[in-house]
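# Structural description and commentary
Take a look at the letters that make up each chain.
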Amino acid sequence: MSKEILTDALLKEAVARAFEMESSVYERMAEKAGEHEFSPEYRQRMEELAATPKGGSEKSERNGFGRKRKWLRIAAAAVIFIAVSGTAVSAIDPLHEKMYELLEFTLPDHTDISFKELADDELSKGEAITPETFQVRRLNALPEYKKDYVYTSCDVFLDYMEGYMDEEGWTMFYEQMDMKTALDTSFSVTSNGEKAKTIYIDGKKAYLITDDDEYRNILYVRDGYLYSIAGHGDADKLAGMLESVFAQEPAAEPDWWKTPSEEMLKRYTPKELKNIPDYYKPCSMEERIDYFETKHAYTSDKSNGRDGVYELHFTQRPAEDYVRAEIAGHSTGGILVGGEQAHLLPGEDERRKLVLIKDGMMYSLEGDEEPEVLAEILEATVFD
């Protein structure tokens, strides 16, 4: 869009287009709601990411995109349309360029963001990004940042996130998602109420959103993905780290969603679930490097009879004293796994949790299956 003064007529047009776009987003979300129910672990993760970081205010939703859906509040909002572009993966011509429109709703304490695709029929023939073709670009963070969190999602959302902390305890987050995820999702980014500022990453437009206490979030669309980097401090430093992502070729990893980070591999080798019933499919992986914890999640289309579906959640971490005490305090019985005693505990949402401690490691498998089935899966995973 050209740099015009925001007249009443232009504002009315913007509001109408915003409602049209936002309605389609919620329709797609509603359609998916009947097919997938997010696990308690996923919901807990999103709540943690929305927590106030060090030095932040109570309004903060700052970690990454902070994916909270907010209903439109047009009366208080200035509606701004910004055209952003990225080169799509195309089966016809690699030079085809898809265009996207960033809808920005600025309020005093945050900015609501949505995307709309502006491609014509010819440009829409690009191949969709799938979990198998998702190409991860990992961040080369500056030395003062220590990685302490990794999250990947390969089910409803295709999403890769890294979390960092500097020497003073300030957080910084980097995220990459495919544009279909971005189109199907609305984001809230805390801000000082001012519209996004245009900057350039590797010669292409990006958008900088600033909050009151120097917390900044940069959004950048490229090659069919939406990238974000968010943290405190100098915007040029954040932009430089994001630009360095494109200095090397993306990782071609079919199993990117479950590939352990180098930081976690220094602690131990995460196990991979084996002997899983064929109706399960991978959903997400989460690493809490600061806790030395790895979590893998699987979902299915099989109903559990409780308005949900069968899920599996596998956790591996060192069996520290407080972990052992927690297990002993909540155990409801025992069951043998590979000839060794495991503990049966109540899980979330009426699921069952089976916990085994072996060679200083805790292995936990939570799901809707009968205890004997959980034991078979855990035995194949740990004792193979």
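The structure this text deals with has already been given above.
Rules and cut-offs
Residues numbered from 1 in each chain as written. Predicted model: local features only at pLDDT ≥ 70, side-chain atom pairs only at ≥ 80, totals over all residues. Heavy atoms only, no water. Helix = DSSP H or I, 4+ residues; strand = E, 2+ residues; numbered from the N terminus. Buried < 20%, exposed > 50% of the residue type's maximum accessible area, 1.4 Å probe, protein only. Contact = heavy atoms within 4.5 Å. Areas by Shrake-Rupley, 256 points an atom, 1.4 Å probe, with all protein chains shown as cover. Core = buried A, V, L, I, M, F, W, Y, C linked by side-chain atoms within 4.5 Å. Phe/Tyr/Trp six-rings, centres within 6.5 Å; stacked < 30°, edge-to-face > 60°. Expected span 1.5 Å × (residues − 1). Arc of directions from axis to C-beta. Pairing = 2+ DSSP bridges.

## Things to note about the overall build of the protein chain
From N to C terminus, the protein chain includes seven helices and 18 strands. Looking at the protein chain residue by residue over its 384 residues, the buried ones come to 51%. Sequence separation of at least 24 residues holds for 60% of the intrachain contacts in the protein chain that already meet a minimum separation of 6. Surface accessibility of the protein chain: about 18,000 Å² in total, with carbon and sulfur atoms responsible for 50%.

## Here we look at the nonpolar core
Ranked by internal contacts, the top residues of the largest apolar core, which has 54 residues, are Ile218, Leu242, Leu354 and Leu378. Discounting chain neighbours no more than four positions away, the residues touching Leu354 are Ile335, Val337, Ala342, His343, Leu344, Tyr363, Ser364, Leu365, Pro371, Leu374, Ala375 and Leu378. Grouped together as the second largest cluster of nonpolar side chains are 16 residues, Leu102, Ile113, Met177 and Val189 included.

## Some remarks on the packing of aromatic side chains
The relative placement of two aromatic rings is captured by the distance of their centres and the angle of their planes. One pass over the structure, following the stated rule, counts ten aromatic pairs. Ring geometry for Phe134 against Trp256: centres 4.4 Å apart, planes inclined by 20°, an arrangement best described as stacked. Pair noted here: Phe134 is in the loop between strand S3 (110-117) and strand S4 (145-154) and Trp256 is in the loop between helix H4 (235-244) and helix H5 (262-265), with a separation of 122 residues, a long-range link. Members of the aromatic cluster, joined through ring pairs, are Phe134, Tyr220, Tyr225, Tyr227, Phe246 and Trp256.

## As for helix H7 (residues 371-382)
The end-to-end C-alpha separation of H7 is 16 Å, in line with the 16 Å expected for twelve residues at 1.5 Å each. Among the residues making up H7, those that are buried are Pro371, Leu374, Ala375, Ile377, Leu378, Thr381 and Val382. The arc that holds the buried residues of H7, viewed along the axis, is 165°, so those residues lie on one side. Looking at the buried positions of H7, the neighbouring elements they touch are strand S14 (309-318), strand S15 (334-337), strand S16 (340-346), strand S17 (352-358) and strand S18 (361-367).

## A few points about unusual backbone geometry
Most peptide bonds are trans, and most residues other than glycine sit at a negative phi. Even without being a glycine, Asp223 presents a positive backbone phi close to 55°. By secondary structure assignment, the location of Asp223 is in the loop between strand S10 (215-222) and strand S11 (225-232). Non-glycine residue Asp307 carries a positive phi angle of around 60°. For Asp307, a relative accessible area of 77% corresponds to the exposed category.

## Some details on the pairing of strand S13 (residues 293-303)
The sheet contact formed by strand S12 (residues 280-288) and S13 spans eight bridges and is antiparallel. The partner of Tyr280 across the bridge, within S13, is Ser300. Linking S12 to S13, which pair antiparallel, is a turn of four residues; within it Phe292 sits at a positive phi near 55°. The turn joining S13 and S14, which pair antiparallel and follow one another in sequence, is formed by five residues; a positive phi near 75° is taken by Gly305.

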